[in-house]
Amino acid sequence: LARRRRKRQDVGYTRSRRDMFREDYINRLIEQFGHALAALRNLITGRQASPAEIHAQIASVASQGGLALDVARSLDPAMLVMWLAPRGEIDPGKFWLLAELLFLEGLQAHEEGDVTRARADLERARLLLGKIDADWRPETDLASAGERIQDVDAALDRLGAEPS
């Protein structure tokens, strides 16, 4: 009986340790994506790459992160949150990453003159960022959720004067 009890405890320890390694791996991926997206933002704002290159890079990061921008865009706000957190547990890294991707797509859409698409992507990004702690950030040198909300709001304000 003692041996069986110890075995159950060991299995529990292994399972939680495995989860810890998985979470650490995912966090490192998000950090890498965050740095790539920060560089991509500079390309967008500096107009240093073609729209096709920007969209391809964003799609690549989304794909590597297991996220589908087309699906995210097709869902209403409530369904978007349910899609990302089907059990109700919000993964701040996943929410931050998708919000960052949508933010960049919104900036790029604005650069291309597509105000409607820009507004839709920025509003979805704002929704997702609002679901995580304002101080959360994947890495100290990347924007926190609260900082990015301010950036999104500023971008939405710039769109406010433009027709849809």
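Just above, that's the structure.
The present account deals with the structure reproduced in this document. Note that the structure is a prediction, hence the values are computed from the model and not measured.

**A few points about helix α5 (residues 92–111)**
Moving on, step 1. For α5, with 20 residues, the first-to-last C-alpha span of 28 Å sits near the 28 Å given by 1.5 Å per residue.
Moving on, step 2. When you tally the buried positions in α5, you get 16 out of 20 residues, the bulk of the element.
Moving on, step 3. In this structure D91 caps α5, since a side-chain oxygen of it lies 3.0 Å from the backbone nitrogen of G93.

**Notes on the packing of helix α6 (residues 115–129) against helix α7 (residues 145–160)**
Moving on, step 1. Contact geometry for α6 and α7: axes closest at 10 Å, N-to-C directions at 155°. As judged from the angle between their axes, α6 and α7 are roughly antiparallel. Here α6 and α7 pass one another in a crossing that is left-handed. Side by side, α6 and α7 meet where V115, A118, R119, L122, E123, A125, R126 and L129 of the first sit next to A145, R148, I149, V152, D153, A155, L156, L159 and G160 of the second.
Moving on, step 2. Taken together, the residues that form the contact of α6 with α7 break down as eleven nonpolar, one polar and five charged.

**A closer look at the side chain of D121**
Moving on, step 1. Here D121 shows up in helix α6.
Moving on, step 2. Overall, the relative accessible area of 1% leaves D121 in the buried class.
Moving on, step 3. Apart from the residues within four sequence positions on either side, D121 is in contact with R73, L102, E105 and G106.

What counts and what doesn't
- Residues numbered from 1 in each chain as written.
- Predicted model: local features only at pLDDT ≥ 70, side-chain atom pairs only at ≥ 80, totals over all residues.
- Heavy atoms only, no water.
- Helix = DSSP H or I, 4+ residues; strand = E, 2+ residues; numbered from the N terminus.
- Expected span 1.5 Å × (residues − 1).
- Buried < 20%, exposed > 50% of the residue type's maximum accessible area, 1.4 Å probe, protein only.
- Polar contact = N/O pair within 3.5 Å; in protein donor to acceptor, adjacent residues only side chain to side chain.
- Axes fitted to C-alpha atoms, helices over the stretch in contact; angles between N-to-C directions.
- Parallel < 35°, antiparallel > 145°, perpendicular 65-115°, else oblique.
- Left-handed = near helix turned anticlockwise from the far one by under 90°.
- Contact = heavy atoms within 4.5 Å.
- Nonpolar A, V, L, I, M, F, W, Y, C, P; charged D, E, K, R; others polar.

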